[in-house]
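This is what each chain is made of:
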Protein chains: 2
Amino acid sequence: MATTLLGLFALLAAPATAALFPDCANGPLANNTVCDTTASVAARARALVDALNIDEKFNLTGSTSPGVPRLGLYSYQWWQEALHGVASSPGVTFAPNGDYSYATSFPQPILMGAAFDDALIHAVATVVSTEARAFNNANRSGLDFWTPNINPYKDPRWGRGQETPGEDPFHLKSYVASLISGLEGSPDSKFKKVIATCKHFAAYDLEGWGTTTRYNFDAQVNTQELAEYYMQPFQTCARDSNVGSIMCSYNALNGVPTCADPYILQTILREHWNWTGEGQYVTSDCDAIQNIYMPHDYTATREEAVADALKAGTDLNCGTYYQTHLPVAYDQGLFDESVIDQALIRLYSSLIRVGYFDPASATPYRSLNFRNVSTPASEALALKAAEEGMVLLKNDGILPLSLPAGRKTNITLMGGWANVTTQLQGNYAGVARFLHAPLYSLQQLPNVNVQYTSSQGSIQFPTTGNWEQLVTAAENTTDLIIVADGINNNDESEDNDRYDISWSPGKIDLINQIATIGKPVIILQFGDQLDNTPFLNNPNISAIIWGGYPGMAGGDAVVNILTGKTSPAGRLPVTQYPGDYVNQVEMTDMNLRPNASSGNPGRTYKWYDSAVLPFGYGLHYTNFSVDVVESSQTTYNISQLVSSCDRSQYKYLDLCPFDSFQVNVTNTGSVASDFITLGFISGQNGPKPYPIKELVAYQRLFNITGRASQTATLNLTLGSIARRDVNGNQILYPGDYGLLIDVPTQATWNFTLSGSPVTLDQWPQRST
Amino acid sequence: MATTLLGLFALLAAPATAALFPDCANGPLANNTVCDTTASVAARARALVDALNIDEKFNLTGSTSPGVPRLGLYSYQWWQEALHGVASSPGVTFAPNGDYSYATSFPQPILMGAAFDDALIHAVATVVSTEARAFNNANRSGLDFWTPNINPYKDPRWGRGQETPGEDPFHLKSYVASLISGLEGSPDSKFKKVIATCKHFAAYDLEGWGTTTRYNFDAQVNTQELAEYYMQPFQTCARDSNVGSIMCSYNALNGVPTCADPYILQTILREHWNWTGEGQYVTSDCDAIQNIYMPHDYTATREEAVADALKAGTDLNCGTYYQTHLPVAYDQGLFDESVIDQALIRLYSSLIRVGYFDPASATPYRSLNFRNVSTPASEALALKAAEEGMVLLKNDGILPLSLPAGRKTNITLMGGWANVTTQLQGNYAGVARFLHAPLYSLQQLPNVNVQYTSSQGSIQFPTTGNWEQLVTAAENTTDLIIVADGINNNDESEDNDRYDISWSPGKIDLINQIATIGKPVIILQFGDQLDNTPFLNNPNISAIIWGGYPGMAGGDAVVNILTGKTSPAGRLPVTQYPGDYVNQVEMTDMNLRPNASSGNPGRTYKWYDSAVLPFGYGLHYTNFSVDVVESSQTTYNISQLVSSCDRSQYKYLDLCPFDSFQVNVTNTGSVASDFITLGFISGQNGPKPYPIKELVAYQRLFNITGRASQTATLNLTLGSIARRDVNGNQILYPGDYGLLIDVPTQATWNFTLSGSPVTLDQWPQRST
């Protein structure tokens, strides 16, 4: 024990953001195999762990790792964030000014998800990992990042839905695959660029609802929906993208805290998904090991909590519960030394994979510096990402704005988002070189005069009174009124779910009243979704744009869309629910399917049919027609589909190709615009109830000019047309299916699967 | 209409914090009777209003009043705050530095309430009004202040309970009477010092609970509890203290939005309580007039909402709904001009009463300046107020601390409140000259070495991990561990009720774990009450002090108590409920009495008997014995009590004296200490159910030295021994009563009321 305490004491003296590399040339480890770049990763990690005594091992299990001074192993902070750019976090230190005082700040994932553009996500993630490496080289960051948050966003109240790309699992899987490859680099490379961490595994999904908090929530999820929905993004992370790290979550799942659950951490994650590559490790969410003991009361002692978590396969503890309590748990015989060795081998294998024990010359990543941070190209990409995501929800023809050149157009701008700063970024943000609010960007237009007053009420003194004054004053002089409002991280954030998804009654009243004075009104709605019914139904409201949390260039993006410099083509990545939805289903109810007895009307577009605006909705400055190019085949034999799959190429049956469908997309208007081709499957096959439809493919087409056409290719896999049964098994069912194109559906291609059902994926059951 | 709009436009050009006085010597009003200081207030106000045209009148009904330029009537901002010191608000402007860049910042009322010292409150309010006048003279504030918040704090979840003195109506009435006289000055004076505003009238009581918000809440309150509890502080404000202003609230009361309710604004407030003095006016809460229309849906149109509010007696609108919609409502014939005249006469009478139209020489208040702000005496009073309020909840004898002179005592300090800044102040705060956190104040002790690390987790990254590191590191060297924690305005504030009143499980675990290392642990619990059961029950936790929101000198106060420089004597002004209480009664349930069918276990100490620590609880550094000096009389005839009251002195029967009781208080220990003598009445008379007991008197005795005695005098009135029936009538009932002294009860004096019941107050019923 005494050694352990001294070790922890040493930790306090270590630099807060140490990312110094061990000296493999002349340091104490120089002759240890960990420094032998010709040895296997496994042998290198094993050699390092073999050099440690048991107290040193305990010390290395916490997120603030003291290292081992006698071995020249520096302290290491495992906690870095980079949700939409390198972000302020315990392991990331921005300089107060000058170099490394900022990084590119992209939109929140919820807006980038609306772009339905996997290549964009890959490009964004590549910038993030480049900037992360630059920060690391300046000793301002570690090499692992606790991003992405990839829990499917199934309830509009969730305060962290903004951190995700949306509600659809296929969409999340495509998104996260692109993201991980951008963050970690090629899976075939000897060196990972950085280590990504898919969180929060699994069924996390709420911050606080009444007295239920993320810390004490026991998510009750049936096996079918666990397999088909909650687990799907993590399957991509682990099985298909070989992500470096997974974070277990605060909540319990069907009675077992996830960080102590061998069913999900071992049976599913490591065995079923074969997530056993070099250095793949599980970290706990912060203090989640403590939460096994309290408030989950899952173990009788603190020592059992740490032993259970370690044995279940949680390799790293965000917090100090491992460091503090593993020693006594070990003395109590609650686990063998081989278990902690296994955890440390995983952790240090991961650092070996990012070149931590290799010379700087081994990888070009070590040469990146601040000249690679927030470059003009990266900042342009932040603007492009915001533009691609924004969704046009209503337009009576006023947009794009006609701003005559010969005179100034008077625009009255109001609302809580008009002149925001860091609200543009949402949560888990870094420092941006600039933050362009709508006000700033409007003021850059040469032929516009913006009327704005900053005294429009505040968080401390919420009154919308001065809005009216502004409008009344401008009544005779303004040409156009723009209301930039919505919600922000005061309304929704970590630890803070919403109880209400409607606009506040005061704002509804005020905006509708403003709309009576006879001037066009455009609403820019930022933050997450609000029930826009009162404004969609009001003919005096000319247009609505949803702008999410658009990042550093958010004002520029929305102004480019207003003026038509950019045509909007984003689609809602979530359902826009009516305000009363929050009264119909409990936040803690994890069921997706409607349930008459509980009153649950269903969750997501797959199961809920009364949206204000549906998932996938989005208007353009032009119109598009779509049609599916006729295929030679309309009937497929199931056994033939399976047997014709090249298993040397496709390890998992759900990834085997089914068929590719060409969709002709024609811009029937005159304004050039992107178009997102969305393909859904519908059918009444397999276990009841049947989903309304399910997204199986999407492709964003770029800059289709007026009267021109482009062709989208929708590549469907066997997984696209399979469903999960009550045991979570993924099965191809014979029957009639439709491929539905666009939202609302503009074209349908019908086909039939014949033969007997075939199981693609046998889901492991929890042993009872 | 056009004139009105121009008027509103003029408003925009006015200074934001204008408090310029009209030029009654040479200005346009010089010959108007409003400037005739020999005329009656009524005549002066009437003359001003007679000089206005109807559009000017409309303009003057909003909180941001444009004035009337043609009459030399400057714009006036009615919205000032001063809850516990002159506070940042639309009408108050602190200078960026130098003079007027700060003001004295007293503790939040919840802590000042715990002092049970009416003279202290009067002194504090006198400082606040002096500083307010100084700010006004520098054109940095108006002359009316929207304070106090005097809704009884009946549910521990309420986010604004901190703004009140506590849960007991007698206590609140005594407190608010002292406060108002300190703010407004003597009621007999020609000039009021400032105008106070009792808010929120009535039954406001929640910020948000699920989808119920303060804006849409319809409080269902029965007549009995309305009269005996929710209305009582306002009765004191209006009937007994003649407060200048009352604010109607956001909520509806039994179906009627309070700002549109003639039953409470006219029948009760103005008729039953005779609140018809010079310049007494009702202001709405901010946008509360709008809320009549939406979300209350109480009227079909906006015009009906403003007309209903004006006719009900709401004279001023915080917001612009009156200014915007009264003109059309007037055109629609929804009210007569005499109604708006009445409102304006009240408003301008109130300004006449503060000398707004009198020469500067008329009142010494006009000579106050920054030399009168944050004086050494005022800052010493802020310290005294904090010291008097703090409550010792547990002490195994470790306190007061023994700090040997010859060596340094090593103190490990941790927790989220250790090094706070503005959190010391709570909400509705101003800028303080300094903010002394516990860390700062501990560091000032000459013989103490404080071990502290700032990296103890944060709001953005909540992890308590580093606490452990600090303790583990200090394990061998520290003499004492102090945990300064609790909750703050991130957990509870305006618009933000709590759902949980327990310590977080993580903190419970961590603090109890810290307590196992064998060093004494003292908890300083700040913010509002938390269920302290886990620490009260842990014998390794040596002491707990509750420190509320202690203001600018909060750290000094708690350190003075720790060291014994000051002896603690505060008493809990609220019940400390068990954590599970929040599951037993809905936040929206306004019933105070227990109800078996709803599960409501009762509210406040009067009706709830399972407190963790009861209302009135508080330990000392010594022990006290109390006994009631025997009275000659133990039986009182009710009719004789009533008939012997001098009605020329006591206009209301409940204020008539009943009897005075002397209580001998003896310090049986050796440490000098204040002692708060609390007197409760109990009995089983009048309508069932019977309250457990009810506070009827208190007196704080000062500095009772060891073995010495002092005598408290508890003056009971007829109101003290009366109860309210189901119709709200206040009645003296014959029967046996007990006067219980102290918490827990240390002495009881029994007496009997004989004869027939007599009604002291006939409560007006809502006409149906």
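Everything numeric in this text was worked out from a predicted model, so none of it was measured.

What counts, and where the lines are drawn
Residues numbered from 1 in each chain as written. Chains lettered and ligands numbered in written order. Predicted model: local features only at pLDDT ≥ 70, side-chain atom pairs only at ≥ 80, totals over all residues. Heavy atoms only, no water. Helix = DSSP H or I, 4+ residues; strand = E, 2+ residues; numbered from the N terminus. Rg over C-alpha atoms; globule rule 2.2 N^0.38 Å. Buried < 20%, exposed > 50% of the residue type's maximum accessible area, 1.4 Å probe, protein only. Contact = heavy atoms within 4.5 Å. Areas by Shrake-Rupley, 256 points an atom, 1.4 Å probe, with all protein chains shown as cover. Lys, Arg positive; Asp, Glu negative; His and termini not counted. Charge placed at Lys NZ, Arg CZ, Asp CG, Glu CD. Pairing = 2+ DSSP bridges. Axes fitted to C-alpha atoms, helices over the stretch in contact; angles between N-to-C directions. Phe/Tyr/Trp six-rings, centres within 6.5 Å; stacked < 30°, edge-to-face > 60°. Parallel < 35°, antiparallel > 145°, perpendicular 65-115°, else oblique. Left-handed = near helix turned anticlockwise from the far one by under 90°. Nonpolar A, V, L, I, M, F, W, Y, C, P; charged D, E, K, R; others polar. Polar contact = N/O pair within 3.5 Å; in protein donor to acceptor, adjacent residues only side chain to side chain. Expected span 1.5 Å × (residues − 1). Core = buried A, V, L, I, M, F, W, Y, C linked by side-chain atoms within 4.5 Å. Domains from an automatic or database assignment. Salt bridge = Lys/Arg side-chain N within 4 Å of Asp/Glu carboxyl O. pLDDT = per-residue confidence, 0-100.

Trainee: Before we go on, may I ask you to explain the overall build of chain A in this structure?
Mentor: Counting secondary structure elements, chain A contains 22 helices and 27 strands. Its C-alpha radius of gyration of 27 Å places chain A within 12% of the 27 Å reference for a compact globule of 768 residues. Taken over the C-alpha atoms alone, chain A extends approximately 80 × 65 × 50 Å along its principal axes. When the 768 residues of chain A are sorted by exposure, 65% land in the buried category. Pairs at least 24 residues apart make up 77% of the contacts formed inside chain A by residues separated by at least 6 positions. For chain A, the exposed surface amounts to about 24200 Å²; the carbon and sulfur share of it is 49%. Counting 45 positive and 71 negative side-chain charges, chain A places the averaged centre of each group 5 Å from the other.

Trainee: Could you clarify how one ought to interpret the sheet that holds strand 23 (residues 722-724) of chain A in this entry?
Mentor: Residues and elements named next belong to chain A. Strands sit in the order 23-24-27 across an open sheet of 3 strands; the sheet is antiparallel. Edge positions in the sheet fall to strand 23 and strand 27 (758-761), since each has one partner strand and no second. Ignoring which end each strand starts from, the neighbouring axes of this sheet average 40 degrees apart. The pairing of strand 24 (residues 730-732) with strand 27 spans 3 bridges and is classified as antiparallel. Note that in strand 27 the partner of Leu732 across the bridge is Val758.

Trainee: What am I meant to see in the packing of aromatic side chains here?
Mentor: Applying the stated criterion across every chain yields a total of 81 aromatic pairs over all chains. Pairing A:Phe201 with A:Trp273 gives two aromatic rings, centres 6.0 Å apart and planes at 50 degrees, and the pair type is tilted. With A:Phe201 in strand 3 (residues 197-201) and A:Trp273 in the loop between helix 9 (262-272) and strand 10 (281-284), this residue pair connects regions lying 72 residues apart in the sequence. Both residues of the pair, A:Phe201 and A:Trp273, count as buried. Note on B:Phe58 and B:Tyr330: the rings are 5.8 Å apart at their centroids and 65 degrees apart in plane angle, and the pair reads as edge-to-face. Within this pair, whereas B:Phe58 is found in helix 3 (residues 54-59), its partner B:Tyr330 is found in helix 12 (residues 321-331), the two being separated by 272 residues in sequence.

Trainee: Help me out: how do you make sense of the packing of helix 2 (residues 41-50) of chain B against helix 13 (residues 337-353) of chain B in this one?
Mentor: The description of two packed helices rests on the angle between their axes and on the distance between the axes. Residues and elements named next belong to chain B. Between helix 2 and helix 13, whose axes approach to 8 Å, the crossing angle comes to 125 degrees. By the angle between their axes, helix 2 is oblique relative to helix 13. Viewed along their axes, helix 2 and helix 13 form a crossing whose handedness is right-handed. Only Asp341, Leu344, Ile345, Tyr348, Ser349, Ile352 and Arg353 of helix 13 make contact with helix 2, whose side of the interface consists of Val41, Arg44, Ala45, Arg46, Leu48 and Val49. Of the residues that constitute the contact of helix 2 with helix 13, the class distribution is 8 nonpolar, 1 polar and 4 charged.

Trainee: Mind showing me how you'd approach the sheet that holds strand 24 (residues 730-732) of chain B here?
Mentor: Within a beta sheet, neighbouring strands are joined by backbone hydrogen bonds and run either parallel or antiparallel to one another. All names here are of chain B. Read across the sheet, 3 strands follow the order 23-24-27 without closing on themselves; strand pairing throughout is antiparallel. A single partner strand is all that each edge strand has here, and the edge strands are strand 23 (722-724) and strand 27 (758-761). Shown here is a sheet whose adjacent strand axes are inclined to one another by a mean of 40 degrees, direction ignored.

Trainee: Please clarify how the side chain of A:Asp205 should be interpreted in this entry.
Mentor: All names here are of chain A. With respect to the secondary-structure elements, Asp205 resides in the loop between strand 3 and strand 4 (208-209). Looking at Asp205, the relative accessible area reads 2%, which means it is buried. Of the polar contacts made by the side chain of Asp205, one reaches the side chain of Lys154; its length is 2.9 Å.

Trainee: Got a minute to help me understand the environment of A:Gly486 in this structure?
Mentor: All names here are of chain A. In this structure, Gly486 sits in strand 14 (residues 480-486). Once the C-alpha coordinates of Gly486 and Gln224 are considered, the two residues, 262 residues apart in sequence, prove to be 36 Å apart. Among all residues touching Gly486, those that are not within four sequence positions of it are Trp417, Trp503, Lys507, Gln525, Phe526 and Leu530.

Trainee: In this structure, what is going on with the packing of helix 14 (residues 376-389) of chain B against helix 19 (residues 554-563) of chain B? I would like to understand it.
Mentor: Residues and elements named next belong to chain B. At their nearest, the axes of helix 14 and helix 19 sit 8 Å apart, and the two run at 50 degrees to each other. The angle between helix 14 and helix 19 falls in the class oblique. Here helix 14 and helix 19 pass one another in a crossing that is right-handed. Listed contacts from helix 19 to Leu383, Ala386 and Glu387 of helix 14 are Asp556, Ala557, Asn560 and Ile561.

Trainee: What exactly am I supposed to notice about helix 13 (residues 337-353) of chain A here?
Mentor: Every α-helix winds through 3.6 residues per turn, so residues three or four apart in the chain are directed the same way. All names here are of chain A. A rise of 1.5 Å per residue sets the reference length of helix 13, with its 17 residues, at 24 Å; its end C-alpha atoms lie 24 Å apart and thus fit the reference within 8%. Judged by how many residues are buried, helix 13 sits mostly within the fold: 14 of 17 residues are covered. Looking one or two residues beyond helix 13, the residue adopting positive phi is Gly355, at roughly 85 degrees.

Trainee: Just to check I follow, could you spell out the pairing of strand 26 (residues 747-754) of chain A for this structure?
Mentor: Look at any regular strand and the pattern is simple: side chains alternate between the two faces of the sheet. Residues and elements named next belong to chain A. Residues Ala747, Trp749, Phe751 and Leu753 of strand 26 are buried on one face, while the alternating residues Thr748, Asn750, Thr752 and Ser754, pointing to the opposite face, are not. With 3 bridges connecting them, strand 18 (residues 635-637) and strand 26 associate as parallel partners. Residue pairing for strand 26: Tyr636 is matched across the bridge by Leu753. When strand 25 (residues 735-741) meets strand 26, the two strands line up antiparallel, connected through 7 bridges. Following the sheet pairing, Leu740 is matched in strand 26 by Thr748.

Trainee: Teacher, can you tell me more about the nonpolar core here?
Mentor: Within soluble globular proteins, side chains that are nonpolar generally end up buried alongside one another. Counting residues in hydrophobic clusters, the biggest one holds 193 residues, and the most contacted among them are A:Phe201, A:Ile246, A:Phe357, A:Leu399 and A:Ile522. There are two domains that each give this core at least three residues, and those are domain 1 (2-372) and domain 2 (386-584) of chain A. Counting residues in hydrophobic clusters, the runner-up holds 192 residues, among them B:Cys198, B:Met247, B:Ala288 and B:Phe434.

Trainee: How should the pattern of salt bridges be read in this particular structure?
Mentor: If charged atoms from side chains of opposite charge come close, those side chains can pair. All names here are of chain A. This structure, assessed with the given rule, holds 74 salt bridges over all chains. Across the pair Lys57 and Glu337 runs a salt bridge whose closest N-O atoms are separated by 2.7 Å. Taken together, the positions of Lys57 in helix 3 (residues 54-59) and Glu337 in helix 13 put the pair 280 residues apart, joining distant regions of the chain. Under the relative-accessibility criterion, Lys57 is labelled buried at 4%.

Trainee: What should I look at first to understand the pairing of strand 25 (residues 735-741) of chain B in this one?
Mentor: Residues and elements named next belong to chain B. The buried fraction of strand 25 is high, at 6 of 7 residues. Sheet analysis places strand 20 (residues 673-683) next to strand 25, joined by 5 bridges and oriented antiparallel. Within strand 25, the position partnered with Phe680 by the bridge is Leu740. The loop that links strand 25 with its antiparallel partner strand 26 (residues 747-754) comprises 5 residues; one of these, Asp742, has a positive phi angle of about 80 degrees.

Trainee: Just checking my understanding: could you explain helix 9 of chain A for this structure?
Mentor: Residues and elements named next belong to chain A. Within helix 9, the full set of buried residues consists of Tyr263, Ile264, Leu265, Ile268, Leu269, Arg270 and His272. Between the side-chain oxygen of the N-cap and the backbone nitrogen of Tyr263 there are 2.9 Å, and the N-cap of helix 9 in question is Asp261. Of the residues trailing helix 9, Asn274 is marked for its positive phi of about 55 degrees.

Trainee: Help me understand the environment of B:Arg70 in this model?
Mentor: All names here are of chain B. As for its placement among the helices and strands, Arg70 is situated in the loop between strand 1 (64-65) and strand 2 (76-77). Sequence-wise, Arg70 and Asn97 are 27 residues apart; in three dimensions their C-alpha atoms are separated by 35 Å. Leaving out residues up to four positions away in the same chain, Arg70 has contacts with Pro28, Ala51, Leu52, Asn53 and Glu56.

Trainee: Please explain the side chain of B:Thr197 as it appears in this structure.
Mentor: Residues and elements named next belong to chain B. Tracing the sequence through the fold places Thr197 in strand 3 (residues 197-201). Of the residues examined, Thr197 reaches a relative accessible area of 0% and is grouped as buried. A polar contact is formed between the side chain of Thr197 and the backbone oxygen of Phe145, at a distance of 2.9 Å. If near-sequence neighbours (up to four positions away) are discounted, Thr197 is found in contact with Phe145, Trp146, Thr147, Pro148, Val243, Ser245, Ile246, Met247 and Thr283.

Trainee: Would you mind showing me how to read the confidence of the model for chain A here?
Mentor: It should be kept in mind that the predicted coordinates are not to be read in detail where pLDDT is low. All names here are of chain A. Mean pLDDT for chain A: 94, with 95% of residues reaching 70 or above. Under a pLDDT of 50 for its full length, residues 1-19 has, in the predicted model, 39 contacts with residues more than four places off or in other chains. In the model, residues 456-462 has pLDDT below 50 throughout and makes 22 contacts with residues more than four positions away in sequence or in other chains.

Trainee: Looking at this model, I keep getting lost on unusual backbone geometry. Mind explaining?
Mentor: When glycine is set aside, most residues are seen to have a negative phi, and most peptide bonds are trans. A cis geometry characterises the amide bond from A:Lys199 onward to A:His200, with omega recorded as 0 degrees. With omega at 5 degrees, the peptide bond leading from A:Phe201 into A:Ala202 counts as cis. Counting through the fold element by element, A:Ala202 comes out in the loop between strand 3 and strand 4. We note that A:Thr604 has phi near 65 degrees; this positive angle belongs to a residue other than glycine. Its place among the elements puts A:Thr604 in helix 21 (residues 604-607). Given the relative accessible area of 2%, A:Thr604 is considered buried. For B:Ala203, which is not a glycine, the phi torsion comes out positive at approximately 60 degrees. Here B:Ala203 is to be found in the loop between strand 3 and strand 4 (208-209).

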